[in-house]
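Now for the letters of each chain:
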Protein chains: 2
Amino acid sequence: MTGTDKSIDAQDTGGPAVILVNPQMGENIGAAARAMLNCGLQELRLVNPRDGWPSPQAEAMSSGALERMPPVQLFDSTAASIADCHYVYATTARPRDMVKPVFTARSAAADMHKRIQDRQKVAVLFGAERTGLENDDVAQSHAVVTIPLNPGFSSLNLGQGVLLMAYEWYQLQVDTPDRHTPMGGTEPASHDLLQELFERLETELDAHHFFRNEGQRPIMIRNLHTLLTRAEMTAQEVRTFHGIISALIGKKAPLEK
Amino acid sequence: MTGTDKSIDAQDTGGPAVILVNPQMGENIGAAARAMLNCGLQELRLVNPRDGWPSPQAEAMSSGALERMPPVQLFDSTAASIADCHYVYATTARPRDMVKPVFTARSAAADMHKRIQDRQKVAVLFGAERTGLENDDVAQSHAVVTIPLNPGFSSLNLGQGVLLMAYEWYQLQVDTPDRHTPMGGTEPASHDLLQELFERLETELDAHHFFRNEGQRPIMIRNLHTLLTRAEMTAQEVRTFHGIISALIGKKAPLEK
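Please read these numbers as outputs of a predicted model, since none were measured by experiment.

Draft legend 1. View of the overall build of chain A. Within chain A, the secondary structure is distributed over 10 helices and eight strands. Taking 2.2 N^0.38 as the reference for a compact globule, 257 residues should give roughly 18 Å; the C-alpha atoms of chain A span a radius of gyration of 29 Å, well beyond that estimate. Considering chain A as a whole, with its 257 residues, one finds that 48% of them fall into the buried category. The long-range share in chain A, meaning contacts at least 24 apart out of those at least 6 apart in sequence, stands at 81%. Carbon and sulfur atoms form 52% of the exposed surface of chain A, whose accessible area is close to 12,600 Å². Taking the 24 positively charged and 31 negatively charged side chains of chain A as two groups, their mean positions are separated by 4 Å.

Draft legend 2. View of the nonpolar core. With 86 residues, the main nonpolar core has Leu20, Leu44 and Tyr89 of chain A together with Leu20, Leu44 and Tyr89 of chain B as its most contacted residues. What Leu20 of chain B contacts, discounting residues up to four positions off in sequence, is Ile29, Ala32, Leu44, Arg45, Leu46, Val47, Phe126, Leu158 and Val162 of chain B.

Draft legend 3. Geometry of the packing of aromatic side chains. Residue and element names in this part refer to chain A. Per the stated rule, a full pass over the model turns up seven aromatic pairs over all chains. When the centroid spacing of 5.1 Å and the interplanar angle of 80 degrees are considered together, the rings of Phe210 and Phe211 count as edge-to-face. Members of the aromatic cluster, each reached through a chain of ring pairs, are Tyr87, Tyr89 and Phe103. Just above the ring of Phe211 sits the side chain of Arg217; from NZ or CZ to the centre is 5.0 Å.

Draft legend 4. Unusual backbone geometry, seen in detail. A cis amide bond links Trp53 of chain A to the next residue, Pro54 of chain A, at an omega of 0 degrees. Positioned with a positive phi, Asn22 of chain A is a non-glycine residue whose angle comes to about 55 degrees. Positive phi values are uncommon outside glycine, yet Glu232 of chain B reaches one of about 50 degrees. With respect to the secondary-structure elements, Glu232 of chain B resides in the loop between helix 9 (217-230) and helix 10 (235-249).

Draft legend 5. Just the packing of helix 5 (residues 105-117) of chain A against helix 7 (residues 158-173) of chain A, in detail. Residue and element names in this part refer to chain A. For the pair helix 5 and helix 7, interaxial distance at closest approach is 9 Å and the crossing angle is 55 degrees. Viewed along their axes, helix 5 and helix 7 adopt a mutual orientation that is oblique. Considering how the two elements wind past one another, helix 5 and helix 7 form a crossing that is right-handed. Here helix 5 contributes Ala105, Arg106, Ala108, Ala109, Ala110, Met112, His113 and Ile116 to the contact with helix 7, which in turn contributes Met165, Glu168, Trp169, Leu172 and Gln173. Counted by class, the contact of helix 5 with helix 7 contains nine nonpolar, two polar and two charged residues.

Procedures and definitions
Numbers given to residues run from 1 along each chain, matching the order in which its sequence is written. Here every chain gets a letter starting at A, and every ligand a number starting at 1, in the order they are written. Reporting in this predicted model follows two pLDDT cut-offs: at least 70 for local features of residues, and 80 or more for side-chain atom pairs to be given and counted; totals over whole chains, interfaces and linings ignore these cut-offs and use all residues. With hydrogens and water stripped out, all remaining heavy atoms of the structure feed into the side-chain values. Secondary structure elements follow DSSP: runs of H or I no shorter than four residues count as helices, runs of E no shorter than two count as strands, and numbering proceeds from the N terminus. The size measure is the radius of gyration over C-alpha atoms, and the globule rule it meets is 2.2 Å times the number of residues to the 0.38 power. Only protein chains enter the accessibility calculation, which uses a 1.4 Å probe. A residue is then buried if its area is under 20% of the maximum for its type, exposed if over 50%, and partly exposed in between. Residue contacts follow a heavy-atom distance rule, with two residues in contact if any of their heavy atoms lie within 4.5 Å. All accessible-area figures derive from a Shrake-Rupley calculation using a 1.4 Å probe, and residue coverage is judged against the displayed protein chains alone. Charge counting follows a simple rule: Lys and Arg are positive, Asp and Glu are negative, and His as well as the terminal groups are ignored. Taken as the charge location is NZ of Lys, CZ of Arg, CG of Asp or CD of Glu. Residues grouped as a nonpolar core are buried Ala, Val, Leu, Ile, Met, Phe, Trp, Tyr and Cys residues, joined through side-chain atoms within 4.5 Å. Between 30 and 60 degrees the pair is tilted, below 30 it is stacked and above 60 it is edge-to-face, where a pair is any two Phe, Tyr or Trp rings, Trp via its six-membered ring, whose centres lie within 6.5 Å. Ring-over charges, as used throughout, are those where CZ of Arg or NZ of Lys falls within 6 Å of the ring centre and within 35 degrees of the ring normal. Axes, fitted as lines to C-alpha atoms, cover a helix only where it is in contact. Angles between the N-to-C directions of the axes lie from 0 to 180 degrees. Angular relationships are summarised with four words: roughly parallel below 35 degrees, roughly antiparallel beyond 145, roughly perpendicular across 65 to 115, and oblique for the angles in between. Take the far helix as your reference; a near helix turned counterclockwise from it by less than a right angle gives a left-handed crossing, and one turned clockwise gives a right-handed crossing. In this classification, Asp, Glu, Lys and Arg are treated as charged, Ala, Val, Leu, Ile, Met, Phe, Trp, Tyr, Cys and Pro as nonpolar, and every other residue, Gly included, as polar.

Written out as structure tokens, the structure is:
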């Protein structure tokens, strides 16, 4: 899915720090960075990456994200990585035997949003690829995030886990309408344009003996109105429809421009 | 992130078909399959996969998802792949010059959910890795889905695009509480247990001359109550706290079991 506008600076939404604890493969760190920048997160911290840092594999998999983000911060313990944080979320796929709040990704994002508005520094921890976070890391966190997924097939790779958490964060930062219809160079047809079309269509259908059963006529007319109203035609489409009627009856269209 | 419970069948939520149009790399098809099964989607259709089908690369990247899903369906045109569908969503990252509804991933999932409840067959189209869907594919679709992402860095890979759409679908299928606190083998402390703890703490603090300023005493007591109430202690933690007081004052704890 292409679509990056390279003329725009990559947005920084001032969201949580993402902390990868003991990540193994550079590729996964790169995928995590890419997912972060996709969602306006720019603060990546690493605790003891197995294969060292910097990582050419991470650079390659980040599709340019790492170059555009501030430098990754390195730490030698989870405690050091969260030293400046006020609230820390530990992502885990399996339940841990600890009495602490468990959020979904969505509710965690909402919780982070409120805390960041209150000027808290927040971070999200992700564990190593195969094993996830150690219990000691979870114990140091204030809350757990478990993403609701198919219980019979819930294993996500690291980049995907980061993507879902970052995505939920980003959805709170943007105000995209749930549904809109871009009109391009045209505008929705006004009622009078549609009415004119209906009347012309009806006249031509009468002239061409479309309504064979006079008793059915009002219902058929109503159904045609319903169809053409449901289509939410543009003014241009109404003009095109006039042209179609003209073409079919063998006339030059009266409204064509 | 590990956590798959292999004793559970992978859930099929009866959601939309996912159609990959002209996918290039088998690896991406596998990643898409994995993301689908993570989110309870099991119907994968391919239109002219460049490197043929079946694909060992896809099998490997799917982490077992392809083995657990019904066989992938192959088509030689987008039109053939959507022939049985009533409503089709085209995912695109960039705006197209077509007057049709544009949904977010979240609102598209809600729309799909309603249509599927009305027994419509729905599908989501994803285009080739580099180029996305052709305009002709978008024109055949009823609606467009554009996932809100960082406009300065919105490029997702195919598996990630499928994951976000599938994730939004799945969130409507589950009823996970926004926040819950699993209690393990214990239960929240009742008010009388807490009251007993407060009173004992206050008595011992008095005995040990903690409150040097009698005027500050009520405020300090109130602050301690506030702290210990905010912690939402479990019954076990109250017992542990009694043990701590006993240990610090050099006594065996009266409430220890």
